[in-house]
Each structure stands twice: as C-alpha cells, then as structure tokens.
Amino acid sequence: MPRLDWMQIEITTRCNASCRYCPRTVYCASWNDRDLSPAIFRSLLPALRRTRMVHLQGWGEPLLYPHFFDMIALAKKAGCMVGTTTNGKLLDRRAAVRLVESRIDQVAFSLAGVGDQNDEARRGTHFSNVLEAVAGLAAEKKVRRQHTPVISVAYLLLRSHLPDIDKLIPALAGTGIRQIVISTLDFACNENLQKECLAPEDKGQYRELMSLYDRLARDAEKEGISLFYNLVDPEAESGDCTENPHRAVFISASGGVSPCAFTNIPVTESYHLSGAHQGYRSLIFGCLGPQSLPEIWSGRAAMKFRAEFDDAPHPSCRGCSKRSRMK
C-alpha cells in the first residue's frame, strides 16, 4: 500500500458529553459503546511507519480510553506525527502533564459556538471549562519549555451560529490556542439537524463563505492564530473529497477499515441527506484481525471504491458536502 497522508484511528466510541448534533446522541438507543483492541492497534504499527500523521479519535472521547497514552507512545515510536481531539472534560493538570510529556504533536479542543451557544450545542460541556483546560495545557508547555502539543480548536460552525461568528476570535485570543480549524455539519442525523448544515449550494454561496472565512483568518492572524477551513466548491470540475480517500483511511474501534468516519458509524438508523431521509449503511472494506491493513487496502472492495470515486462514487459519498458535486 502507498504511504498515507494520515490515518484516523477511533480508539473508543464512549463519550461523557451529549452533543445534540452527534450520531452518538441522536442514536443513543441503539449505539454500541466499544474500545479498540490494543492488539489491533499494534497490528497497525508497520503501516504507521509509512504514515505522516495519525489522529487518535473517532465518535468518542479519547481520554476515556485506558490505553490512550500507550497508543501515543507506540505511534511516536513508529515515527509519525500524532494528534487527538478532546472535549476537555477530563483534561486536568495530571492529564495535561502527561500530554506534554508524551510529545504528542497536536491537541484539538472541540467547540461549536461561543459561551452559551457552545454549551447548548455541546451538552455536558462548558465553554469556560474548555478555556480553563486550554490554559492549563498551555501552562504545562511553558513550564516544561516544550513547543508541543500545538493547541488547536476544532470548531463546528452551525448555520444558526453564523450571525455570531465574529465573537470567535476575540474569545480565543490570548488563551494559548495556535490553530482553529473550522468545519460544518456534514452528517445530519435528522431533518432538524439538516437545517444546521452550511454547505454552499452554488458558486455565490461558496464565494460568500470564502470571503467570511478569509476575513476570520486575517483577524486570527493578528492574534497569532492560524485559521484553516475546508470549503468545497459545489461546481468544481473535480470530485475530490476533503477526507482524501486515496491517501487516508479510517479505522473504527471494532477494527473496521473505511474511507472516513462518516462511512463507519455503529448504527443502522436513518439520516437526512439532500432533502430526504435515507437508511444508513456503513461502508467497510474489511476488518483488522482476520486481515492486515495492506491486504484490506489492496482488496477488491477498497480498490473498486477508489477506482470509481471520481466518476461513479459509492452511494454513501453521493451528495456529501465534503465532496464537490461534479457538473
């Protein structure tokens, strides 16, 4: 298999928050809590040596996973960069010290609004507590004179929060945050959540959002913060996807190998896409344990998916806002 740009490894699907837009919350009645087997993670080490970045997080809170710091150590020893995304609830001083000492490259904190907006969307979390966790991690970096981890914010921009987006940069300035990555809701579990999606439908909306994001990036730069975003042009000539399925892969907590986290959710429910309810079906190329990752990557299902992705994408990818709709 080729060298990968990144590998996302879901180490747990358990979580201590109830974000109203998350599949884990919406599908709570049928959700499967599960942890990744350490043996499966170890089986990935040869592939990690050929991977630039590994991100330890999926549909759960990584700090709940008992072997989290062991996984960081193994991945770092394999020679790749390591990152994670957390809600910050468990990031006390002890955890902050361990993160800095682990030499993890990046830690992102999830937010979906400023102040009360975030707390309503990300139920069980508190904006002020997240900033406290950020400050604590930044302080431990300073004490130990370490440049890593780079502290980031994974910011989900909901449509209803768009009018207040100018509050974001002032709220995060001076906290120790060095990067902000803005995303929008890509998987609408029901019709109400579909209204929170913010993907541009045409070139005009695309330009409006691009102008907004560029302005935010300039404001962030003045505060020493880098701002990134993935905005898909709906009229692009290419059907490229921001999840980079030709050079990246998602590993679920059960060992299933998929193109991205959105194609491997542990439920059999319905969701809302392109104005209609659809039955959810996962897209899994194979399962680690019976097979190795190189075997799955070069297997029939994965090769067929990649070969047809541009011209005849899999049904799971059609209409997805992470992929341009080719004309």
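Residues numbered from 1 in each chain as written. Predicted model: local features only at pLDDT ≥ 70, side-chain atom pairs only at ≥ 80, totals over all residues. Heavy atoms only, no water.

Examining the overall build of the protein chain
Part 1 of the reasoning: Scanning the protein chain from terminus to terminus reveals 12 helices and 14 strands.
Part 2 of the reasoning: The C-alpha atoms of the protein chain give a radius of gyration of 19 Å, which matches the 20 Å a tight globule of 327 residues would have.
Part 3 of the reasoning: Considering only C-alpha atoms, the protein chain reaches an extent of 50 × 45 × 40 Å along its principal axes.
Part 4 of the reasoning: By residue count, 52% of the 327 residues in the protein chain fall in the buried class. (Helix = DSSP H or I, 4+ residues; strand = E, 2+ residues; numbered from the N terminus. Rg over C-alpha atoms; globule rule 2.2 N^0.38 Å. Buried < 20%, exposed > 50% of the residue type's maximum accessible area, 1.4 Å probe, protein only.)

Observations concerning the packing of helix α4 (residues 68-78) against helix α5 (residues 93-102)
Relative placement of two packed helices is described by the angle separating their axes and the distance separating the axes.
Part 1 of the reasoning: Between α4 and α5, the shortest axis-to-axis distance is 10 Å and the interhelical angle comes to 10 degrees. Between α4 and α5, the interaxial angle falls into the category roughly parallel. Contacts between α4 and α5 involve Phe 68, Phe 69, Ile 72 and Lys 76 from the first element and Ala 95, Arg 98, Leu 99 and Ser 102 from the second.
Part 2 of the reasoning: Per-class residue counts for the contact of α4 with α5 are 5 nonpolar, 1 polar and 2 charged. (Axes fitted to C-alpha atoms, helices over the stretch in contact; angles between N-to-C directions. Parallel < 35°, antiparallel > 145°, perpendicular 65-115°, else oblique. Contact = heavy atoms within 4.5 Å. Nonpolar A, V, L, I, M, F, W, Y, C, P; charged D, E, K, R; others polar.)

Notes on the sheet that holds strand β11 (residues 256-258)
Part 1 of the reasoning: Strand order in the open sheet formed by 10 strands is β9-β8-β7-β5-β4-β3-β1-β10-β11-β14, and the pairing between neighbours is mixed. Only two strands of the sheet have a single neighbouring strand rather than two, namely β9 (226-229) and β14 (286-287).
Part 2 of the reasoning: With 5 bridges connecting them, strand β1 (residues 4-9) and strand β3 (residues 51-56) associate as parallel partners. Paired with Leu 4 across the bridge in β3 is Thr 51.
Part 3 of the reasoning: Sitting on the sheet, helix α7 (residues 127-143) touches β5 (106-111) and β7 (150-157), and the angle it makes with β5 is about 165 degrees. (Pairing = 2+ DSSP bridges.)

Re the pattern of salt bridges
Part 1 of the reasoning: For the structure on display, the rule yields 17 salt bridges.
Part 2 of the reasoning: Note that Glu 196 is salt-bridged to Arg 20, the shortest N-O span being 3.0 Å. Of this pair, Glu 196 sits in the loop between α9 (191-194) and α10 (203-222) while Arg 20 sits in the loop between β2 (18-19) and α1 (23-26), and the two are 176 residues apart along the sequence.
Part 3 of the reasoning: Taking relative accessible area as the criterion, Glu 196 reaches 9% and is therefore assigned buried.
Part 4 of the reasoning: Ionic pairing is found between Lys 167 and Asp 164, a salt bridge with its closest N-O pair at 3.7 Å. (Salt bridge = Lys/Arg side-chain N within 4 Å of Asp/Glu carboxyl O.)

Concerning unusual backbone geometry
Part 1 of the reasoning: The peptide bond linking Thr 148 to Pro 149 adopts the cis configuration, its omega dihedral lying at 5 degrees.
Part 2 of the reasoning: Within the fold, Pro 149 resides in the loop between α7 and β7.
Part 3 of the reasoning: Even without being a glycine, Arg 145 presents a positive backbone phi close to 55 degrees.
Part 4 of the reasoning: Tracing the chain through its elements places Arg 145 in the loop between α7 and β7.
Part 5 of the reasoning: Positive phi is not limited to glycine here, since Asn 244 has a value of about 55 degrees.
Part 6 of the reasoning: Mapped onto the elements of the fold, Asn 244 is located in the loop between β9 and β10 (248-251).

Some thoughts on the pairing of β3
Part 1 of the reasoning: With 5 of 6 residues buried, β3 is to be regarded as a mostly interior element.
Part 2 of the reasoning: Of the pairings in the sheet, the one linking β3 to strand β4 (residues 81-86) comprises 3 bridges and is parallel in character. Directly across from Val 54, in β4, lies its bridge partner Val 82.
Part 3 of the reasoning: As a crossover connection, the stretch from β3 through α4 into β4 is right-handed. (Right-handed = clockwise from strand over helix to strand, strands pointing away.)

Some words on the packing of α5 against α7
Part 1 of the reasoning: α7 packs onto α5 with a crossing angle of 50 degrees between their chain directions and a minimal axis gap of 9 Å. In this view, α5 runs oblique relative to α7, as classed from their interaxial angle. Pair α5 / α7 crosses with right-handed handedness. Contact residues: Arg 93, Ala 96, Val 97, Leu 99 and Val 100 in α5; Gly 136, Leu 137, Glu 140 and Lys 141 in α7.
Part 2 of the reasoning: Among the residues forming the contact of α5 with α7, the class breakdown is 5 nonpolar, 1 polar and 3 charged. (Left-handed = near helix turned anticlockwise from the far one by under 90°.)

Observations regarding α5
Part 1 of the reasoning: When we look at burial in α5, the residues that qualify are Ala 95, Ala 96, Val 97, Leu 99, Val 100 and Ser 102.
Part 2 of the reasoning: Immediately beyond the C-terminal end of α5, within one or two residues, lies Arg 103, with a positive phi of roughly 65 degrees.

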